[in-house]
Amino acid sequence: MTTSTAGRSATSEEAAAGGDDGPEPAGSGEPAGPRPPSGPWLPSGPLARLGQGLRTVGSRSYWTTPRLVRALTALSLAALIGLGATATAVLGGARDGTDTIGHRAAPQATRAADLYFALSDMDAQAANLLLVGDDQDYAALRKQTLDTYEQRRNQADDDLQQAAQAAAADPAGQRAVQLVLGRLGSYEALVARSQLLEEQAKAPAGQPSPAALDAYRQASDLLRSQLLPAADQVTAANEATVDRVYGEQRDALGTGWWWLFGAGLLALAALVGLQRALLVRYHRVFNPALAGVTLLTGVVLVTGLALVGRTSDHLVTAKSDAYDSVIALSRSRAVAYDMNADESRYLIDPSRAAVWEQAYLEQSQAIVHFDGATLDTYGTRLQTAVERHHQDRSTVPFGGYLGAELNNITFPGEQAAAERVLSAFQEYQAIDHRMRVLRGAGQLKDAITLNTGLAEGQSNYQFGQLGAAMQDTIDVNQKAMDSALAATDGDLDGTTAALGGVVLAAAVALTALGVRPRLREYR
């Protein structure tokens with residue numbers, strides 16, 4: 001290698017001063033300068049040697065050019081590796097947290113809510129079968145009701161199988177799923193017995209035989225006391241997991257951003273210090289390899305910080321903006337089907353009418369809540385609240401699942417979809433009130449027709465509108481959630497990790513390449 005004049009000058013000056021790594025000057029064999037004092041009062045042993053070593057390392061004469069360059073090179077390499085390790089830990093943790101939320105806990109929670117919905121609608125259809133009885137005016141409705149019951153039964157079976165697989169690592173969830181699996185067969189047997197007894201009795205609409213009604217009561221009580229609470233427990237457990245992981249991940253990303261920032265600054269400072277040492281000691285103005293490493297480090301730092309920020313934003317979008325609405329609306333839909341079943345129970349079981357009226361009110365309150373509302377005042381308060389909300393969309397004068405959704409409007413089309421839910425719910429409540437008035441006036445068949453009718457203005461038609469509006473709003477949020485999760489998966493996939501590894505390896509190699517020619521001058 002050809003050494004520049006400036007390089008030879010610097011080397012000669014250090015050699016003349018005794019500052020290189022060569023042999024010490026001839027003499028007594030002791031280092032130049034004043035001799036350290038000695039005596040029996042001075043400490044001895046490892047601590048004394050450690051102190052002497054620290055004083056030696058801290059002295060200016062110790063840091064010859066090769067030693068300084070080697071130390072700064074080691075520091076730079078360590079800082080680069082530390083930057084890579086920090087980025088891997090922060091972004092890898094973000095990927096794992098997002099995977100837990102978006103691909104495991106959140107889908108399990110919505111699937112459990114779907115199980116609650118399927119079970120609720122099964123019971124609603126079982127009640128409707130007793131409600132229409134053997135009346136030939138409802139023959140087509142009876143067939144449709146049987147088909148819907150079978151559809152919901154198959155849906156519940158599928159949801160249970162998936163919930164059982166998902167709950168393998170959750171003892172509480174496993175117990176809840178096993179309870180539903182064990183008791184669902186008993187529920188279905190009671191419903192089948194109720195249907196058989198009703199067919200044998202050939203009872204008129206709204207007047208089931210006592211035996212059929214008793215079998216249905218047992219089935220419905222089993223569903224409400226054990227199956228639905230167990231399904232809700234699975235939902236709640238997965239919701240808690242989502243909330244916990246989300247909180248941990250948000251804190252980790254916030255802290256990780258600063259750790260990454262600090263590691264990046266340390267790496268840049270070490271590289272700048274190394275280049276300055278080469279400039280001062282060798283009078284070299286520019287080192288292309290180290291300049292490239294510094295540029296790469298800056299790019300990695302900015303990119304890493306941007307990825308952390310993007311991941312945090314996507315996490316907020318997926319969980320707070322989208323998932324919270326999806327789960328609120330999913331639970332609202334499940335409760336609505338239980339509410340719909342309460343109407344049929346009210347008509348077929350007059351001896352327990354007050355129980356079913358209270359249950360209907362509780363389900364309505366879960367969807368749109370008013371403090372202190374009764375069944376008689378609920379419709380009026382709902383009308384007043386809807387008018388206030390329409391005057392100012394930012395005003396949501398009620399609670400419940402739908403209140404939570406209207407306070408969390410984020411995405412295009414979501415406001416309009418949620419407004420349709422509110423309007424459909426209001427109209428459904430109005431039809432329910434008319435149905436109860438007819439029942440109270442002794443017009444049972446008219447009440448049954450209004451409750452089960454599929455024509456516009458009848459209860460089941462309007463309930464279908466409510467369910468469709470809920471699903472549309474769920475779809476808006478689910479699409480946004482899937483998009484945010486896909487963006488995070490794309491940002492933090494294997495390609496990103498591989499590219500990061502290549503960049504780190506290149507930075508380490510360029511650092512060694514930039515320093516090696518200078519150190520060779522001392523061989």
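Cut-off values and rules
Residues numbered from 1 in each chain as written. Predicted model: local features only at pLDDT ≥ 70, side-chain atom pairs only at ≥ 80, totals over all residues. Heavy atoms only, no water. 1 Å grid on protein atoms, 1.4 Å probe; cavity = no way out; pocket = protein on both sides within 12 Å on 5 of 7 lines; lining within 4 Å. Points joined across faces, edges and corners; volume = space filled by probe spheres on them. Helix = DSSP H or I, 4+ residues; strand = E, 2+ residues; numbered from the N terminus. Nonpolar A, V, L, I, M, F, W, Y, C, P; charged D, E, K, R; others polar. Buried < 20%, exposed > 50% of the residue type's maximum accessible area, 1.4 Å probe, protein only. Core = buried A, V, L, I, M, F, W, Y, C linked by side-chain atoms within 4.5 Å. Contact = heavy atoms within 4.5 Å. Polar contact = N/O pair within 3.5 Å; in protein donor to acceptor, adjacent residues only side chain to side chain. Axes fitted to C-alpha atoms, helices over the stretch in contact; angles between N-to-C directions. Parallel < 35°, antiparallel > 145°, perpendicular 65-115°, else oblique. Left-handed = near helix turned anticlockwise from the far one by under 90°. Salt bridge = Lys/Arg side-chain N within 4 Å of Asp/Glu carboxyl O. pLDDT = per-residue confidence, 0-100.

**Regarding the layout of surface pockets**
Then comes step 1: Here the second largest pocket defines a volume of roughly 630 Å³.
Then comes step 2: For the second largest pocket, the lining is made up of 27 residues, of which A87, V300, T496, G500 and G501 are closest to its centre.
Then comes step 3: Of all the secondary-structure elements, those providing two or more residues to the lining of the second largest pocket are α3 (65-132), α7 (288-348) and α14 (494-520).
Then comes step 4: Sorting elements by how many residues they give to the lining of the second largest pocket places α3 first, with 9 residues.
Then comes step 5: Residue composition of the lining of the second largest pocket, by class: 16 nonpolar, 9 polar and 2 charged.

**Describing unusual backbone geometry**
Then comes step 1: Despite not being glycine, K202 shows a phi value in the positive range, around 50°.
Then comes step 2: Within the secondary structure layout, K202 lies in the loop between α5 (171-201) and α6 (210-282).
Then comes step 3: Owing to a relative accessible area of 57%, K202 belongs among the exposed residues under this scheme.

**Quick word on the nonpolar core**
As a rule of thumb, nonpolar side chains are buried together in soluble globular proteins.
Then comes step 1: In terms of nonpolar packing, the biggest core is built from 79 residues, with L119, Y187 and V368 touching the most fellow members.
Then comes step 2: Among the elements that take part in this core, α3 stands out by supplying 12 residues, more than any other.
Then comes step 3: Those residues within four positions of V368 in sequence are excluded, and the remaining contacts are Y378, L382, F398, G399, L402 and F425.
Then comes step 4: Listed in part, the 30 residues of the second largest apolar core include A105, V245, L260 and A322.

**Examining the environment of Y428**
Then comes step 1: Summarising the element assignment, Y428 is placed in helix α11 (residues 414-440).
Then comes step 2: Along the chain, Y428 and N340 lie 88 residues apart, while their C-alpha atoms are 9.8 Å from each other.
Then comes step 3: When neighbours within four sequence positions are excluded, Y428 is seen to be in contact with M339, N340, E343, Y360, S459, Q462 and F463.
Then comes step 4: Of note is the side chain of Y428, whose polar atom sits 2.7 Å from the side chain of E343.

**A look at the packing of α7 against helix α8 (residues 353-367)**
Then comes step 1: Two numbers describe how α7 lies on α8: the axes approach to 9 Å, and their chain directions differ by 160°. By the angle class used here, α7 and α8 are roughly antiparallel. At the point where α7 passes α8, the crossing takes the left-handed sense. Two secondary-structure elements touch here, α7 through S332, V335, A336, D338, M339, D342, E343, R345 and Y346 and α8 through A353, W356, E357, A359, Y360, Q363, S364, A366 and I367.
Then comes step 2: In the contact of α7 with α8, the residues fall into 10 nonpolar, 3 polar and 5 charged.

**Focus on the pattern of salt bridges**
Then comes step 1: Going through the model one piece at a time under the given rule, you end up with 26 salt bridges.
Then comes step 2: A salt bridge links K143 to D147; the shortest N-O distance between them is 3.2 Å. Linking K143 with D147, this pair stays in helix α4 (residues 139-166), spanning 4 residues, or about one helical turn.
Then comes step 3: A salt bridge links E239 to R331; the nearest nitrogen and oxygen atoms lie 2.4 Å apart. Of this pair, E239 sits in helix α6 while R331 sits in helix α7; the two residues are 92 residues apart in sequence, bridging distant segments of the chain.
Then comes step 4: Several salt bridges share partner residues, and in doing so they unite D123, R224, D338, D342 and R345 into one network.

**Topic: the confidence of the model for the protein chain**
Then comes step 1: Mean pLDDT for the protein chain: 85, with 85% of residues reaching 70 or above.
Then comes step 2: Across residues 38-42 the pLDDT falls below 50, and counting only partners more than four positions away or on other chains, this stretch makes 1 contact in the model.

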